[in-house]
Amino acid sequence: MISDHRSGSATEPLFPVRVAVSRTGVAAHLLRAWERRYGAVEPDRSRGGQRRYSEREIERIRLLRDLVAAGHSIGSIAHRSTDELRELMAAERELASPSPVDTPVRERRADTLFHEELGTAMSAVEDRDTASLRALLGRVALSATSFGFVQGFIVPLLRELGSAWKRGSIGVAEEHLASAVIREVLGVQIQAAELPGAVPGVVCTTPSGQLHEFGALLAALTAAHAGWRPIYAGPDLPSVEIARLAESPDVRAVALSVLHPSASSSLEDLLAEVRRATPASVKLYLGGHPAAVRTGTATPGFSVLESYEEFRDVLAESASLLRVDT
Ligand code: B12
């Protein structure tokens, strides 16, 4: 194990794991796994055996985090020196950075941002090339704003999956493979975006019968970027279970996604049930298919949202107001 990242001088400040977690956004269990399984990080130990991270270690963790988000497997980069990781990251940024012709990219309309990348992604889906798809998603995530990634790439990609499925150029198998990669990459993005410490929680899920999960998963990523703690519970959650999650002390909101209203026997009844069963202090948000939005508008106690941008803004506004006791 090449360990150029061992802390230098004895006087160099060393930080406990919670500081390493808060400064890198990488969860403690992942840091331990990277250390134990791959030797990717090697923190010092206090006399009591606690892990102690140097500035250099923290920089190294950030590099590992970003390279994993860009699609590198931890196993393939764990042995590299920190200098090598820096070079690799510089190359990634170079790859991801837009050519001079189309900067500033971030100002362009979200849904026209990544045409080329969408085409490349769909070829990877048709070829069942999950490794290329994963790497591409990671690179786009690096080069886009959080909102650009969601509305400019992931949503159009999911819709394109639907059109390709209808055209017959892909089947359910390719859709499932692509969905698995998208779910995984969004999971890493959410983890990297989550703020440590006492922030309000929001449960993100879909009501009973609704198997389309990405509306809720994208809501979770949007919430993390708005400074909330997303509790992503997967799709198809019965109302009583949604209410049980919402009873957790730090939970201040629930965000539901409904993409195919008729998949639920009666969406009206379901939403009313969720409102009845959930503490009145918990805010309920709904987004999705226009018919679902209409139903939500008609259900007392629900706030309907047209876009993730709107969701981000309402959450960001209220985040600072909502104190969560630790
Ligand atoms: C992937 C997919 C599947 C996968 C889901 C995999 C998974 N793990 O989620 C599987 C294979 C399971 C599936 C199953 C079915 N599917 Co399907 N599916 C899709 C597909 C391709 C993508 C859906 C998606 O995630 N879109 C991304 C979302 C986020 O984008 P969006 O819907 O545009 O949402 C926008 C807004 O509504 C809003 N929003 C949405 N949710 C939320 C939440 C919040 C909080 C906020 C703020 C905003 C918000 O923001 C989004 C971005 O602007 C769509 C095609 C498409 N065009 O979307 C079909 C699609 C949704 N499915 C469809 C159908 C009919 C089905 C099935 C009935 C097929 C069948 N016969 O079995 C089943 C039903 C399953 C069920 N019970 O729910 C239809 C729905 C038709 C309709 N209008 O209701 C579609 C539109 C395909 C089609 N063109 O016919 N599907």
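Look a little higher up for the structure.
Residues numbered from 1 in each chain as written. Predicted model: local features only at pLDDT ≥ 70, side-chain atom pairs only at ≥ 80, totals over all residues. Heavy atoms only, no water.

**Some points on the coordination of the cobalt atom of the ligand**
Perfect tetrahedral coordination of a metal by four donors corresponds to 109.5 degrees between them, and perfect octahedral coordination by six donors corresponds to 90 or 180 degrees. For the cobalt atom of the ligand, the sole protein-derived donor is His212 (NE2), lying 2.2 Å away. Its location among the elements puts His212 in the loop between β4 (201-205) and α10 (214-225). (Donors = N, O, S within 2.8 Å, 3.2 Å for Na, K, Ca; no water. Helix = DSSP H or I, 4+ residues; strand = E, 2+ residues; numbered from the N terminus.)

**A few points about the environment of Arg18**
Along the chain, Arg18 turns up in helix α1 (residues 17-24). Residue Arg18 is classed as exposed on the basis of its relative accessible area of 61%. Expressed as a C-alpha distance, the spacing of Arg18 and Ala28, which sit 10 residues apart in the sequence, is 7.5 Å. (Buried < 20%, exposed > 50% of the residue type's maximum accessible area, 1.4 Å probe, protein only.)

**Here's the deal with unusual backbone geometry**
Most peptide bonds take the trans configuration, and most residues that are not glycine carry a negative phi. With phi around 55°, Arg128 is a residue other than glycine that occupies positive phi space. Positive phi outside glycine occurs at Asp236, with the angle close to 65°. Within the element layout of this structure, Asp236 appears in the loop between β5 (229-232) and α11 (239-246).

**Comments concerning the sheet that holds β4**
A sheet is described by the order of its strands in space; here 5 strands give the open sequence β5-β4-β6-β7-β8, paired in parallel fashion. A strand with exactly one partner marks an edge of an open sheet, and here the two such strands are β5 and β8 (302-304). The mean angle between the axes of side-by-side strands here comes to 25°, regardless of whether they run parallel or antiparallel. Two strands pair when backbone bridges link them, and β4 and strand β6 (residues 251-258) are joined in this way by 5 bridges, in the parallel orientation. Within β6, the residue paired with Gly201 across the bridge is Val251. Contacting β6, β7 (283-288) and β8, helix α13 (residues 290-297) crosses the sheet at an angle of about 155° to β7. (Pairing = 2+ DSSP bridges. Axes fitted to C-alpha atoms, helices over the stretch in contact; angles between N-to-C directions. Contact = heavy atoms within 4.5 Å.)

**Brief notes about the sheet that holds strand β1 (residues 14-15)**
Overall, antiparallel pairing links the 3 strands, which are arranged β1-β3-β2 in an open sheet. Edge strands, defined here as strands with exactly one partner in the open sheet, are β1 and β2 (44-45). Note that β2 and strand β3 (residues 51-54) share 2 bridges and pair antiparallel. Across the sheet, Arg45 pairs through a bridge with Arg51, a residue of β3.

**Side note on the packing of aromatic side chains**
The geometry of two aromatic rings is summed up by the distance between their centres and the angle between their planes. Under the counting rule described, the total for this entry stands at 2 aromatic pairs. Between Phe149 and Phe153, the aromatic rings sit 6.3 Å apart at their centres with planes inclined by 20°, giving stacked as the arrangement. Pair noted here: Phe149 and Phe153 are both in helix α8 (residues 146-167), with a separation of 4 residues, about one helical turn. Note on accessibility: Phe149 and Phe153 belong to one class, buried. Relative to Phe311, the ring of Tyr285 has its centre 5.7 Å away and its plane inclined at 70°; by these criteria the two rings are edge-to-face. Of the two residues, Tyr285 sits in strand β7 while Phe311 sits in helix α14 (residues 308-319), which places them 26 residues apart along the sequence. What makes Phe311 buried here is its relative accessible area of 2%. (Phe/Tyr/Trp six-rings, centres within 6.5 Å; stacked < 30°, edge-to-face > 60°.)

**Thoughts on the nonpolar core**
Among the nonpolar cores identified, the biggest contains 48 residues, and Leu137, Phe149, Phe153, Ile154, Ile182, Leu186 and Phe311 are the most heavily contacted of them. Within the residue set of this core, elements represented by two or more residues are α6 (115-126), α7 (130-143), α8, α9 (172-193), β4, α10, β6 and α14. When we break this core down by domain, the ones giving at least three residues each are domain 2 (115-193) and domain 3 (201-321). Apart from the residues within four sequence positions on either side, Ile182 is in contact with Leu137, Ile154, Leu157, Leu158, Leu161 and Phe214. Counting 21 residues, the second largest nonpolar core, distinct from the first, contains Ala20, Val41, Tyr53 and Leu63. (Core = buried A, V, L, I, M, F, W, Y, C linked by side-chain atoms within 4.5 Å. Domains from an automatic or database assignment.)

**Points about the pattern of salt bridges**
Taken as a whole and assessed by the stated rule, the structure comprises 11 salt bridges. The shortest N-O distance in the salt bridge between Arg128 and Glu174 comes to 2.7 Å. Residue Arg128 is found in the loop between α6 and α7, and its partner Glu174 is found in helix α9; the two are separated by 46 residues along the sequence. By relative accessible area, which is 53% here, Arg128 ends up exposed. The salt bridge involving Glu241 is made with Arg244; its shortest N-O contact spans 2.4 Å. A residue pair is termed a helical-turn pair when its members lie 3 or 4 positions apart in one helix, as Glu241 and Arg244 do in helix α11 at 3 residues. Residue classification places Glu241 among the partly exposed positions, given a relative accessible area of 27%. Residue Arg244 is classed as exposed on the basis of its relative accessible area of 54%. Connected via shared salt-bridge partners are Glu35, Arg45 and Arg51. (Salt bridge = Lys/Arg side-chain N within 4 Å of Asp/Glu carboxyl O.)

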